[in-house]
Amino acid sequence: MNRKEIFLVSAFRENSVWKQVLGICSALAVTNLMLNSLIMGLGFTFALALSSLTTSLIRNYTPRSVRMIAQTLIIASYVIIVDILLKAYLPEISKQLGPYVGLIITNCILMGRLEAFASKNPPLDSFIDGIGAGAGYTLVLLVIAFFRELFGFGSLFGIRILGVWWTNWSIMVMAPSAFFLLAMLIWIINKRYYKLG
Amino acid sequence: MAEQGFMERPVYPVLFIIALSLVFVGILAAMYRMNEPGIEKQKLEAYEKSILSLCADSLASATGISTPEIMAAYPQSFADYIKPLPEGAYPRRAFEVKFGDRILAYVFDITGKGLWGTMRALIATTPAKDTIIGINVYEQLETPGLGARIEESWFTGQFEQKTVLDNGVPVDFELIPEGQSAAEPNQIRQVTGATITSKAVLTMLQNELRLILDVEAGK
């Protein structure tokens, strides 16, 4: 597999959210605003890509018995770095994202990619795989956030799109809407591209 | 092959994790140190803005400048109107809100025990310190979704324009269910599912007001 293919596979064909159904919690939690979703996605991609790179670099020296502790340690460190950077430069967004940035640590996608890919493949490939999986995740967040913010607030990235005639759907602001939007997304993609059901 | 032998010894995983931890702790410590001034600055800014927003309405009616304009003029407006009182004047950090020579309000930084940890709040009072202008809980460790809702404006807004002194004694507030509407001026709608936290806010208010009033009485 060349690098372009690695990226495409982990971002789309084997997308962590719609194909592997991982990382659902955060996809439901932070998607009521486009900007929050974008920052969350970028932070996530940053943490995942660098964790993949690091895990891959030390893969030949990592004892099997402690590999998962090592992976968790690596993930946690990068996530804390994201948290520190957000606090220092984007305090408003840091406040809105609240505990969810810290909870990237427990996101199954990270552990999944490190265990399935980075611990067996060369550093650069792992890095690309991390970027791919992160891009796939960010894409899902943005698609859900697009509908939630548009219908829930009548705006996109905080810019008013729909006129004053628009009545905001308050369900879209709340968590339940993310459940059915995500379900619809998975359904449509499965139906169209994987010819399931 | 010597290295291979070492990697198979039982002590190797332990040493590996210790080494890895040290490396990452070092990186994190360095990252934090580098960004600490930035984080502190952002915190201070949020704190000062919070003080300003509590008394922005009072300032607006005194100065004739609209509330949003006062907020937009931060940090100049903070420097113009808000003066920290010298340490020791009150047992808590205190700020005087002044327009010219007229004192418009006082802001106190109060603290109390919540359900899970210390809560900190800013409270603005009238110059006579008998009426609350506004309150803002800016730091708390209460349960997200339940107790943490004491930060929400519907809850803190209930204290606005509340008389807290009755003949020099702090008023006893009474909690009523969230869904009801207050019939008496001393009734406060509590956060559903967070009775202890709601009570803690009232206790904090009473204790801290008493503390401030004691200073006043001693003068």
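Residues numbered from 1 in each chain as written. Chains lettered and ligands numbered in written order. Predicted model: local features only at pLDDT ≥ 70, side-chain atom pairs only at ≥ 80, totals over all residues. Heavy atoms only, no water.

Undergrad: Got a sec to walk through the overall build of chain B? Specific residues and values, please.
TA: Along chain B, the regular secondary structure elements total six helices and ten strands. Over its C-alpha atoms chain B spans a radius of gyration of 24 Å, topping by over 25% the 17 Å that the globule rule assigns to 219 residues. Over its C-alpha atoms, taken along the principal directions, chain B stretches across nearly 85 × 40 × 35 Å. Looking at chain B as a whole, 44% of its 219 residues qualify as buried. Of the contacts formed within chain B by residues at least 6 apart in sequence, a portion of 46% connects residues at least 24 apart. Total accessible area on chain B stands at roughly 11,900 Å², and carbon and sulfur atoms take up 57% of it. The average position of the 19 basic charges and that of the 27 acidic charges among the side chains of chain B differ by 3 Å. (Helix = DSSP H or I, 4+ residues; strand = E, 2+ residues; numbered from the N terminus. Rg over C-alpha atoms; globule rule 2.2 N^0.38 Å. Buried < 20%, exposed > 50% of the residue type's maximum accessible area, 1.4 Å probe, protein only. Contact = heavy atoms within 4.5 Å. Areas by Shrake-Rupley, 256 points an atom, 1.4 Å probe, with all protein chains shown as cover. Lys, Arg positive; Asp, Glu negative; His and termini not counted. Charge placed at Lys NZ, Arg CZ, Asp CG, Glu CD.)

Undergrad: Outline the packing of aromatic side chains, listing residues and values.
TA: Residues and elements named next belong to chain B. Here the structure, examined in full by the defined rule, presents 19 aromatic pairs over all chains. Judged by centre distance (6.1 Å) and plane angle (45 degrees), the rings of tyrosine 12 and phenylalanine 16 are tilted. With a gap of four residues between them, tyrosine 12 and phenylalanine 16 both fall in helix H2 (residues 11–63), about one helical turn apart. Sitting over the ring of tyrosine 106, lysine 129 keeps its end group 4.0 Å from the ring centre. (Phe/Tyr/Trp six-rings, centres within 6.5 Å; stacked < 30°, edge-to-face > 60°. Lys NZ or Arg CZ within 6 Å of the ring centre and 35° of its normal.)

Undergrad: Account for the sheet that holds strand S3 (residues 102–113) of chain B, with residues named and values stated.
TA: Residue and element names in this part refer to chain B. The six strands lie next to each other as S1-S2-S3-S4-S5-S6, forming an open sheet whose pairing is antiparallel. Edge positions in the open sheet fall to strand S1 (82–84) and strand S6 (162–163), since each of these has one partner strand only. In this structure, strand S4 (residues 118–125) lies alongside strand S5 (residues 131–139), joined through six bridges in antiparallel fashion. Residue arginine 120 lies in a different strand from S5, and its bridge partner there is glutamate 139. Helix H6 (residues 195–218) rests against S3, S4 and S5 of the sheet, and its axis sits at about 125 degrees to S3. (Pairing = 2+ DSSP bridges. Axes fitted to C-alpha atoms, helices over the stretch in contact; angles between N-to-C directions.)

Undergrad: Explain the interface of chain B and chain A to me, using residue names and the numbers behind them.
TA: At the junction of the two partners, chain B supplies 17 residues and chain A supplies 22 residues. With both chains or domains summed, chain B and chain A bury close to 1,700 Å², and 81% of this area falls on carbon and sulfur atoms. Its largest share of buried area at the contact with chain A, chain B owes to Phe16, Phe24 and Leu28 of chain B, together 31% of the area lost on that side. For the pair chain B and chain A, the interface holds zero salt bridges. One can count three residue pairs in polar contact (both at pLDDT 80 or more) joining chain B with chain A. Elements supplying a minimum of two residues to the side of chain B that touches chain A: helix H1 (2–7) and H2 of chain B. Counting residues per element, the side of chain B that touches chain A draws most heavily on H2 of chain B, at 15 residues. Per-class residue counts for the side of chain B that touches chain A are twelve nonpolar, four polar and one charged. (Buried area = accessible area lost by both parts, 1.4 Å probe. Salt bridge = Lys/Arg side-chain N within 4 Å of Asp/Glu carboxyl O. Polar contact = N/O pair within 3.5 Å; in protein donor to acceptor, adjacent residues only side chain to side chain. Nonpolar A, V, L, I, M, F, W, Y, C, P; charged D, E, K, R; others polar.)

Undergrad: Got a sec to walk through the pattern of salt bridges? Specific residues and values, please.
TA: Overall, the coordinates contain ten salt bridges over all chains when judged by the stated rule. Arginine 67 of chain A is the partner of glutamate 115 of chain A in a salt bridge, and the nearest nitrogen-oxygen pair spans 2.7 Å. Of this pair, glutamate 115 of chain A sits in helix H7 (residues 108–118) while arginine 67 of chain A sits in helix H4 (residues 67–89), placing them 48 residues apart in sequence. The class for arginine 67 of chain A is partly exposed, based on a relative accessible area of 21%. A salt bridge links glutamate 36 of chain B to arginine 33 of chain B, with the shortest nitrogen-to-oxygen separation between them at 2.6 Å. A residue pair is termed a helical-turn pair when its members lie 3 or 4 positions apart in one helix, as glutamate 36 of chain B and arginine 33 of chain B do in helix H2 at three residues. Judged by its relative accessible area of 56%, arginine 33 of chain B is exposed. Each of Arg149, Glu152 and Glu178 of chain B takes part in a single network of salt bridges with overlapping partners.

Shape is all these values report; function is a separate question.
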